[in-house]
Amino acid sequence: MIRYLDHTITEHTHIETGEKLYALNHWYVSDEAPQVGGSRNNGYFKSRKEAENRHNELLVKGLIQNEGNGT
């Protein structure tokens, strides 16, 4: 079974324009190989707050759809 582990928001700077973007990733781990994790990128946002808000939206959506139980 694949289980949700955590989320990260990382800052990225465009090399030519200097624009900062924030990447939201959700991290998962498998019961079969708990020593190995993987992530899914959930988009880039113009602020850390926007990324955190999107994370919260996805979390609530998962709970409503009964996915908040670790799957």
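Each remark here, short or long, concerns the structure printed above.
As the structure is a prediction and not an experimental result, all values here were calculated from the model.

## Some remarks on the nonpolar core
Part 1 of the argument: The biggest cluster of nonpolar side chains holds 5 residues, and these are Ile9, Tyr22, Leu24, Phe45 and Ala51.
Part 2 of the argument: Among all residues touching phenylalanine 45, those that are not within four sequence positions of it are Leu21, Tyr22, Leu24, Glu50, Ala51 and Arg54.

## Some words on the sheet that holds strand 3 (residues 37-45)
Part 1 of the argument: Ordered by their spatial adjacency, 3 strands build an open sheet running 1-2-3, and the pairing between neighbours is antiparallel. The open sheet terminates on both sides in strands that have one partner only, identified here as strand 1 (2-13) and strand 3. Averaged over all adjacent pairs, the angle separating strand axes in this sheet is 20°, with direction ignored.
Part 2 of the argument: Inspection of the sheet shows strand 2 (residues 20-30) paired to strand 3 by 7 bridges, in the antiparallel sense. By the bridge assignment, valine 29 is partnered in strand 3 with glycine 37.

Thresholds applied
- Counting of residues starts from 1 at the beginning of each chain's written sequence and follows it residue by residue.
- Under the rules for a predicted model, residues below a pLDDT of 70 receive no local features and side-chain atom pairs below 80 are neither given nor counted, while totals for whole chains, interfaces and linings still include all residues.
- Note: side-chain values were computed over all heavy atoms of the structure, leaving out hydrogens and water.
- We call a set of buried Ala, Val, Leu, Ile, Met, Phe, Trp, Tyr and Cys residues a nonpolar core when their side-chain atoms join them within 4.5 Å.
- Here the term buried applies to any residue with accessible area under 20% of the maximum for its type, exposed to any over 50%, and partly exposed to those in between, with areas from a 1.4 Å probe on protein chains only.
- It only takes one pair of heavy atoms within 4.5 Å for two residues to be counted as in contact.
- Paired strands are those between which DSSP finds at least two bridges.
- Under the DSSP-based scheme used, a helix requires at least four consecutive residues in state H or I and a strand at least two consecutive residues in state E, with every element numbered from the N terminus.
- In this analysis, axes come from line fits to C-alpha atoms, helices being fitted only over the stretch in contact, and the angle between any two N-to-C directions falls in the range 0 to 180 degrees.

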